[in-house]
Amino acid sequence: MNQSSAIRITVVVHKDLADEVQKLFTNLGVRYFSHELGRYPILKRNHIFLLNLYSSNQLYNLPVVIFQVLTDKKTEDFLFNKIIETADLTVPGHGSIYTEDISVFCPVADSLVYRNPIKTKPMGFTGLTGIFCIIQRGAADTMSHYILENGVAVPTITYGVGRGLRDRLGLLRITIPKEKEIVKLIVHSSDAEHALDFIIEAGKLDLPGKGFIFEYPIKRGLINTKISLDGPKQAASMEQVISALDQLYGNIDWRRQFTNFRKGARKRSYFEGVNIHLNAKEGSVEKVLMKLSKLGISGATISQDRLIKLDEENSLFNPARDSANLLIPKKMLNEVIAELEALDFFTEETEGIVYTMEIPRAFSYQSKHNQQKK
């Protein structure tokens, strides 16, 4: 099995800017990239006075397209800057972009990585942490409302279907809907613990079948600051002022001040490990997950995206894809990759690709039996 180190660039843009980003990939000769539909929730104040007496800001959802493209370290800055310029991501509301170090397992892993010899100076900021969580359908709006009102971040929300633990809960399973929401947000690293603790409480992730959460390292990013739909009453909106200060300081350290979260309110049993992102031809991932359960791996949520190759006639992959994220101990990585090979996950029939990334902190419901084993 071929393994390749890569930089994954994730860009989230309003759907009206998606064509421009895709056109950029065409012009640069990017061979492969994926895209997925999602939404940005932002606040919208109710302008009817009497209604404001009984309700706070309402949520309004902006449709977004999430692109992911792989590149190497030498090309990272060039492609990162080109995307920022094309989608004008320095303007609040246009979207976010960030990069991660990952490993790719695939028979043609190298061909998925975009390379370009042009060198440029890096843009964006360091000191960021990503948070990924899966919660029950309908819970994301309540969580997003609080996150936005406290100015923590602008979350991105997509959808999936859960399986795993829910399938083993007997009668209890009927109380746990299989429809899930996948929430991602990028925060300042100093706020990561507060955000994790709040989301665990808000999503009740310490109960069985409620979902899981983990944080992941971000190399560099430029994050959306547009949290409200209301227009500015001055020459510049608050989001524009924040963006200007970020550029002036050259970092976002000055923003780390979120004291509304209760730091260390409860001692959590976090664990570290590896995030395995399975991506395969539509309809293939669930079968593989069922077979992986013999290794004790469960709790995945399946979502859909598309893997695009601009020259589709010569594409090695079917564009309609299923994805699932798994959390495993680092010592199990080689065993899981070997098991996936044994299950023909990487063959032409399944067209499987595995992306892996070490994660420093994760949380999900753990039975007393599992806690005692630690």
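Up top is the structure these notes are about.
These numbers were taken from a predicted model, which means no experiment stands behind them.

Undergrad: Looking at this structure, I do not really get the overall build of the protein chain. What am I missing?
TA: Of regular secondary structure, the protein chain possesses nine helices and 14 strands. For the protein chain, the proportion of its 374 residues judged to be buried stands at 53%. Working note: accessible area of the protein chain is about 18200 Å², and carbon and sulfur atoms make up 50% of it.

Undergrad: Just to check I follow, could you spell out the nonpolar core for this structure?
TA: Considering soluble globular proteins, one finds that nonpolar side chains tend to be buried as a cluster. One finds Phe25, Phe67, Ile83, Leu89, Ile97, Val104 and Tyr216 to be the most contacted residues of the largest nonpolar core, which totals 54 residues. Among the elements that line this core, the one with the most residues is helix H3 (residues 73-87), at six residues. Setting aside residues up to four positions removed in sequence, Phe25 forms contacts with Val30, Phe33, Phe67, Val69, Leu79, Ile83 and Leu310. Core analysis: the second largest hydrophobic core is formed by 23 residues, Leu278, Val285, Ile297 and Met332 among them.

Undergrad: I tried to follow the packing of helix H1 (residues 18-28) against H3 on my own but got confused; where do I start?
TA: Interaxial distance between H1 and H3 falls to 9 Å at its minimum, and their mutual angle equals 140°. Taken together, the axes of H1 and H3 are oblique relative to one another. Crossing of H1 against H3: the hand is right-handed. Taking contact as the criterion, the partners of Glu20, Val21, Leu24, Phe25 and Leu28 in H1 are, on H3, Phe78, Leu79, Lys82, Ile83, Thr86 and Ala87. Residue classes in the contact of H1 with H3 are distributed as eight nonpolar, one polar and two charged.

Undergrad: What exactly am I supposed to notice about the pairing of strand E2 (residues 32-44) here?
TA: Regular strands place side chains that alternate from one sheet face to the opposite one. Of all 13 residues making up E2, eleven are buried, and the element is well covered by its neighbours. Pairing of E2 with strand E12 (residues 301-309), which is carried by four bridges, proceeds in the antiparallel orientation. The residue bridging Phe33 from the neighbouring strand is Ile308, located in E12.

Undergrad: Explain the packing of aromatic side chains to me, please; I cannot follow it from the model alone.
TA: Counted according to the given criterion, the structure contains twelve aromatic pairs. Pairing Phe345 with Phe346 gives two aromatic rings, centres 5.3 Å apart and planes at 80°, and the pair type is edge-to-face. The class for Phe346 is buried, based on a relative accessible area of 10%. Following the ring pairs from residue to residue traces out a cluster consisting of Tyr98, Phe132, Phe212, Phe214 and Tyr216. The aromatic ring of Tyr355 is capped on one face by Arg8, whose charged end is 5.8 Å from the ring centroid. A cation over an aromatic ring shows up here: Arg361 above the ring of Tyr270, its NZ or CZ 5.3 Å from the ring centre.

Criteria and thresholds
Residues numbered from 1 in each chain as written. Predicted model: local features only at pLDDT ≥ 70, side-chain atom pairs only at ≥ 80, totals over all residues. Heavy atoms only, no water. Helix = DSSP H or I, 4+ residues; strand = E, 2+ residues; numbered from the N terminus. Buried < 20%, exposed > 50% of the residue type's maximum accessible area, 1.4 Å probe, protein only. Areas by Shrake-Rupley, 256 points an atom, 1.4 Å probe, with all protein chains shown as cover. Core = buried A, V, L, I, M, F, W, Y, C linked by side-chain atoms within 4.5 Å. Contact = heavy atoms within 4.5 Å. Axes fitted to C-alpha atoms, helices over the stretch in contact; angles between N-to-C directions. Parallel < 35°, antiparallel > 145°, perpendicular 65-115°, else oblique. Left-handed = near helix turned anticlockwise from the far one by under 90°. Nonpolar A, V, L, I, M, F, W, Y, C, P; charged D, E, K, R; others polar. Pairing = 2+ DSSP bridges. Phe/Tyr/Trp six-rings, centres within 6.5 Å; stacked < 30°, edge-to-face > 60°. Lys NZ or Arg CZ within 6 Å of the ring centre and 35° of its normal.

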